[in-house]
Amino acid sequence: MSKFVYSKINFFSNHLFFLLGLFIPISVAITNIIIGLISFFWLIEGNFKLKYDTIKASKWMLSLFLLIGIYILGNLWGTNHVHSAWQFQRLLLLLFFPILLTFKIDQKAIKNGLIAFLISTFISACLAILINCNVIYPLSEYLFFLSENHTISAFLKYNYHNLLLTFSCLICIYLVVEKKTKNKKTLLFFISIYILSIFTESGRAGQLLFNFLSISYIFYYAKKHSYKWYLLLFILVIFQVGIYKTTTVFKNRFDTVLSVVTNKGLHLKQNKKDVRYIFFNETLKKIHQNPVLGYGSGSFGTIFKNEVKAGYDFSLHKTPHNQYLYVWFEIGITGLFLLLMMFFFQIKEMYNKKDGFHRSLLPISFMLLMLIDSYLFIFTIMIGYIFLYKIFCYQESE
């Protein structure tokens, strides 16, 4: 390949990475197009021997490919594979992980992509706050191509929106506390807007993740620097109480969860078992009956619809809202082991880098989220994670 062609590929690659960071929090359709273009340039870039060697040397990438392989083989056992096509689409997205990680992106483009992502999530947070406060109408009133779904915060569904904001908080806190930026005041302002949006809107996953990250940082810095950091733990508790007292959405969400937990899964408002409680218990029962092989790829939705009678219509559910149980249910203990190994090696890879504690919080956070939903197969969150993993792998010395 001539230097001219290679330079053009590199030019487009860097700009596509910037656009990826910009549009992940805004548009699924445009993000899909960008992913396709990056994959195309990855192919024509060549260097397949180097890419193959990089993948072969990465234990987590090998675990990922083996997991995908088990899912494909999972179509050979069991009798229910209705959702295997839906699942196959998600498996194809996972292939973008090694593509982006072995794709050459310049250091400047990495930084610009991160800046684009932070600005994009900041704008999304500002718009969501204005919509939530009835200052402006939902964006679908102004832009015809946006969904009118009531769960849309700004551009995305609230539960995806607030997770991207939480990941942005993680990045900004790291940059500010570790003095990696000259724009400290700007990032502190970004953090305040992120937090305001996270805790004044629906979406417990983002709130839970934010609390987990905050407590992790407090204990880390209290042990490493000063026990005065424990004062922040007190401030965090006061903040949560204040939000609970002044915010209807947060209060209702908290009260609902507390009621379900204290009443052994009973949802008092609906006068029946909470759907997540049912998913957890019934999935474990099914796993206990067939723990080794599972029931086959794409089987969960059909089996729950036909065999679980609990007053809910399970025809719209393809997963049990828990990635670990979902994988175990469909492809058995081997699939669960490969999933855990994939993230174990990612954590190890991140932890062995400079500022390893901060970097390792990214895969640890994603593992926590997989207890709440099947985020490995949710497009926006998974592509956001892949994008951020590429950034977190970056080191100044590289």
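All residue numbers refer to positions counted from 1 along the written sequence of the respective chain. Local features in this predicted model are restricted to residues of pLDDT 70 or higher, and side-chain atom pairs are both shown and tallied only at a pLDDT of 80 or more, whereas totals for entire chains, interfaces and linings draw on every residue. Note that the side-chain values use all heavy atoms of the structure and ignore hydrogens as well as water.

*Asks:* Describe the nonpolar core, listing the residues and the values that go with them.
*Replies:* Among the nonpolar cores identified, the biggest contains 120 residues, and Phe97 and Leu376 are the most heavily contacted of them. Looking at this core element by element, the count peaks at 13 residues for helix H15 (residues 323-351). Those residues in contact with Leu376 that lie beyond four places of it in its chain are Leu67, Leu94, Gln323, Leu339, Phe343, Phe366, Met370 and Met382. Within this scheme, the nonpolar core is defined by two criteria: the residues are buried Ala, Val, Leu, Ile, Met, Phe, Trp, Tyr or Cys, and they are joined through side-chain atoms within 4.5 Å. Only protein chains enter the accessibility calculation, which uses a 1.4 Å probe. A residue is then buried if its area is under 20% of the maximum for its type, exposed if over 50%, and partly exposed in between. Helix and strand assignments come from DSSP, with helices taken as H or I runs of at least 4 residues and strands as E runs of at least 2, each series counted from the N terminus. Any two residues having at least one pair of non-hydrogen atoms within 4.5 Å are treated as being in contact.

*Asks:* Explain the environment of Cys393 residue by residue, including any values.
*Replies:* Within the secondary structure, Cys393 sits in the segment after helix H17 (379-392). Along the sequence, Cys393 and Phe97 sit 296 residues apart, while their C-alpha atoms lie 13 Å from each other.

*Asks:* An account of the pattern of salt bridges is requested, with residue identities and associated values reported.
*Replies:* Salt bridges are counted wherever a side-chain nitrogen of Lys or Arg sits within 4 Å of a carboxyl oxygen of Asp or Glu. Enumeration according to the criterion identifies five salt bridges in this entry. A salt bridge links Lys180 to Asp355; its shortest N-O distance comes to 3.3 Å. One end of the pair, Lys180, is in the loop between helix H8 (158-177) and helix H9 (184-199); the other, Asp355, is in the loop between H15 and helix H16 (356-369), and 175 residues separate them in sequence. Lys180 gets classed as partly exposed once you look at its relative accessible area, which sits at 39%. Residue Lys286 pairs with Glu307 through a salt bridge whose shortest N-O separation is 2.4 Å. Of this pair, Lys286 sits in helix H13 (residues 275-289) while Glu307 sits in helix H14 (residues 300-307), and the two are 21 residues apart along the sequence. Judged by relative accessible area, Lys286 falls into the buried class, the value being 12%. Assessed through its relative accessible area of 48%, Glu307 is described here as partly exposed.

*Asks:* Explain the confidence of the model for the chain residue by residue, including any values.
*Replies:* A score between 0 and 100, pLDDT records how confident the predictor is in each residue. Taken residue by residue, the chain gives an average pLDDT of 88. The fraction at 70 or more is 95%. Within the chain, the lowest mean pLDDT, 66, falls on strand S1 (residues 266-267), and the highest, 96, falls on H15.

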